Amino acid sequence: MEKLELVEGKVDWKGKSAVKGKHGGIKSSLLILATFGFENVASLALAVNLVTYFNGGLALLAIQAHYPKLKPPPCSIFDPTSRCEKIGGSSAVLLYVALYLQAVGSAGIKAALPSHGADQFDEKDPKEAKQMSSFFNGLLLAVCLGGVVSLTLIVWIQDNRGWDWGFGISSIAMLLGVTIFTVGWPIYRIQASQGTSAIIEIIQVYVAAIRNRNLHLPEDPTELYEIDHDKEAVMEVEFLPHKDIFRCLDKAAIQPKSTGQYGRLETPNPWKLCRVTQVENAKIVLGMVPIFCCTIIMTLCLAQLQTFSIQQGLTMDTSVSKSFHIPPASLPIIPIMFMIVVIPVYDRIFVPFARKHTGIPTGITHLQRIGVGLVLSCISMAVAGILEVKRKSVAQDHNMLDAIPVRQPLPISTFWLSFQYFIFGIADLFTYVGLLEFFYSEAPTGIKSISTCFLWSSMALGYFFSTILVKIVNASTKDVTRSGGWLAGNNINRNHLNLFYWLLSLLSLINFSIYVFVAKRYKYRPTNPVALNEKDKARGKEELVLHGDIMKNENEDLGFSM
């Protein structure tokens, strides 16, 4: 009889231990990738084309788009003679309810699916560790494939058949995604509940460190509190070695000298005394915060490609042939098509080649991959500024600075904008996938299931700060420009968008310099540490056995090497 190989820390949908070959692996991850792809079919067209919709949210958006009474009459903000009415009353309520529902649903999917997909693989198994790296690359490929459909079929339907049709088909795509995900329920590996909240445990570390702030920190870290490392504990509880960083948090693990009435140590109050492993998990999360912050500005740059670049495209010649015009919102299709080719090449050729030379399962470290993307985003903004100068020079040379977008296109092809999209698309391949892998692999076991939401939180902050930056730039430049600010007004031909792009490029360069400084000092967490040395149990020492490939020794400089 063949012996079943159980997956440690994972269960099936019935709560029983997951079995390799039956649960998880490539087959279940493909269903998750398909679900993510369909979600992108439904949402990407909305992200890039909503500017067009507001210039003339899924089921509720379709209803509003279908019934004229639920929306104001069409208008063109580019036409000075056009009269535009502001939406209000029940129509505004329906619009915002639909948009927020779509945002909540999309946030839930994007936060949970990548982590759930990564849970289908065992990090301790060298073969499955490599497959997990391929899964994250496949995740971006699924996004691109969904994006192709969204940016061509859905955008065309929205622009030519009506937004009600577009939103309706997006709803159907999302329903298909949910159906596919549900089919795979019996074969999924599910992260087993730890019994305690890892987030609460991290908060406890900070509370305990503050409460113990006046206590003397022992020089020998083995004097800090940790439970016994017996074999049963090793199988059930995670152990991490002490690191000599963020020593202020070590005060949370200072053992009290008082004992109970029977001469034994009293049961520790978790809000005043924490395990060393608990403290180390808090250190890991704190160490990831600077990396998290350094990636916000990249999304700030992405926001411009989804807004101002679309406005640029509306002023340009969108014809592909005499009878076919590409919608400006479909411009990202160019880098996406390229990425569909590049991603398999990266995963199947570059990663194995780099792996042979570095010994790292992912080819290069997560932080190196993120750094490459940050450099490319800086270059993308610089190129965008140069192309905006070219576009405005065409408008000036042909006396078309006040031309009405779409109706009076400039004699310059909208495909010129593909250069900035192309460079930023490659940046996506490196940074966003690198961030997903980084947050999942580095996060404490208890929060791995939500670890990838750190990426989406970073992106959300990027979009939020984009709005703030635009307002700051307009307020700072309103007295030195005729338009009342670099980005003020509806006539993009008389704005100074090129200067704004170059400002973003400069900010990105400064941000990258800070990132290099932070990344060089980051220490990767050990892979699967296990306490083995029985002689050192009483003193709290342990040996580390690292299963599979390792990135580097923790005492080395593991950050981004130039």
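The rules behind each value
Residues numbered from 1 in each chain as written. Predicted model: local features only at pLDDT ≥ 70, side-chain atom pairs only at ≥ 80, totals over all residues. Heavy atoms only, no water. UniProt positions renumbered as here; feature names shortened; annotations may be inferred. Helix = DSSP H or I, 4+ residues; strand = E, 2+ residues; numbered from the N terminus. Buried < 20%, exposed > 50% of the residue type's maximum accessible area, 1.4 Å probe, protein only. Pairing = 2+ DSSP bridges. Contact = heavy atoms within 4.5 Å. Salt bridge = Lys/Arg side-chain N within 4 Å of Asp/Glu carboxyl O. Phe/Tyr/Trp six-rings, centres within 6.5 Å; stacked < 30°, edge-to-face > 60°.

> Help me understand the UniProt feature "transmembrane region" (unreviewed entry) in the protein, please; the structure alone is not making it clear to me.
Per the UniProt record, the feature "transmembrane region" (unreviewed entry) sits at residues 134-157, 169-188, 284-305, 325-346, 367-387, 419-440, 452-473 and 499-518. Between the end C-alpha atoms of residues 134-157 there is a gap of 34 Å, over a span that is 100% helix and 0% strand. In the segment residues 452-473, helix accounts for 95% and strand for 0%; the C-alpha atoms at its two ends are 32 Å apart.

> Honestly, the pairing of strand β5 (residues 410-413) in this entry has me stumped. Any pointers?
Each regular strand shows side chains that alternate between the opposite faces of the sheet. Only one face of β5 is buried: it carries Leu 410 and Ile 412, and the other face, with Pro 411 and Ser 413, is open. Pairing between strand β4 (residues 316-317) and β5: 2 bridges, direction parallel. By the bridge assignment, Met 316 is partnered in β5 with Leu 410.

> I'm lost on the sheet that holds strand β3 (residues 190-191) in this one. Help?
The pairing of strands in a sheet happens through backbone hydrogen bonds and is either parallel or antiparallel. Reading across the sheet, the 3 strands line up as β2-β1-β3 and stay open at both edges, with antiparallel pairing between neighbours. Both edges of this open sheet fall to β2 (17-19) and β3, since each of them pairs with a single strand only.

> Which parts of the structure should I look at to understand the environment of Lys 523?
Residue placement: Lys 523 occurs in the segment after α16 (497-519). Spatially, the C-alpha atom of Lys 523 lies 8.1 Å from that of Gly 287, the residues being 236 residues apart in sequence.

> Where do I start with the environment of Leu 215 in this structure?
Of note, Leu 215 is situated in the loop between α6 (198-211) and α7 (231-236). Overall, the relative accessible area of 41% leaves Leu 215 in the partly exposed class. Along the primary structure Leu 215 and Ala 252 are separated by 37 residues, whereas in three dimensions their C-alpha atoms are 9.8 Å apart. Excluding its chain neighbours within four sequence positions, the residues that come into contact with Leu 215 are Lys 251 and Ile 254.

> Please clarify how the pairing of strand β1 (residues 6-11) should be interpreted in this entry.
By the bridge criterion, 2 bridges tie β1 to β2 in an arrangement that is antiparallel. Pairing of Leu 6 across the sheet is with Val 19, part of β2. The hairpin turn running from β1 into β2, its antiparallel successor, is 5 residues long, and Gly 15 in that turn takes a positive phi close to 90°. Summarising the sheet, β1 and β3 pair through 2 bridges and their orientation is antiparallel.

> When you look at the pattern of salt bridges in this model, what are you seeing that I'm missing?
Opposite charge on two side chains allows them to pair when their charged atoms are near. Here the structure, examined in full by the defined rule, presents 15 salt bridges. The closest approach of N and O atoms between Arg 391 and Glu 388, which form a salt bridge, is 2.9 Å. Pair noted here: Arg 391 and Glu 388 are both in helix α12 (residues 366-397), with a separation of 3 residues, about one helical turn. Note on Glu 388: relative accessible area 0%, which makes it buried. Each member of the salt-bridge network shares a partner with another, and the members are Asp 244, Arg 247, Asp 250, Glu 280 and Lys 283.

> Looking at this structure, how should I read the packing of aromatic side chains?
Aromatic ring pairs are reported here in terms of the distance separating the ring centres and the angle at which the planes meet. Enumeration according to the criterion identifies 16 aromatic pairs in this entry. A ring pair is formed by Phe 338 and Phe 422, whose centres lie 4.7 Å apart and whose planes are at 70°; its orientation type is edge-to-face. With a gap of 84 residues between them, Phe 338 in helix α11 (residues 333-358) and Phe 422 in helix α13 (residues 418-442) connect regions that are remote in the sequence. On the accessibility criterion, Phe 422 (31% relative accessible area) is partly exposed. Between Trp 416 and Phe 419, the aromatic rings sit 6.1 Å apart at their centres with planes inclined by 40°, giving tilted as the arrangement. In this structure Trp 416 comes out as partly exposed when scored by relative accessible area, which is 35%. Taking relative accessible area as the criterion, Phe 419 reaches 46% and is therefore assigned partly exposed. Feature note: the residues Phe 438, Phe 439, Phe 454, Tyr 522 and Tyr 524 constitute an aromatic cluster, connected by ring pairs.

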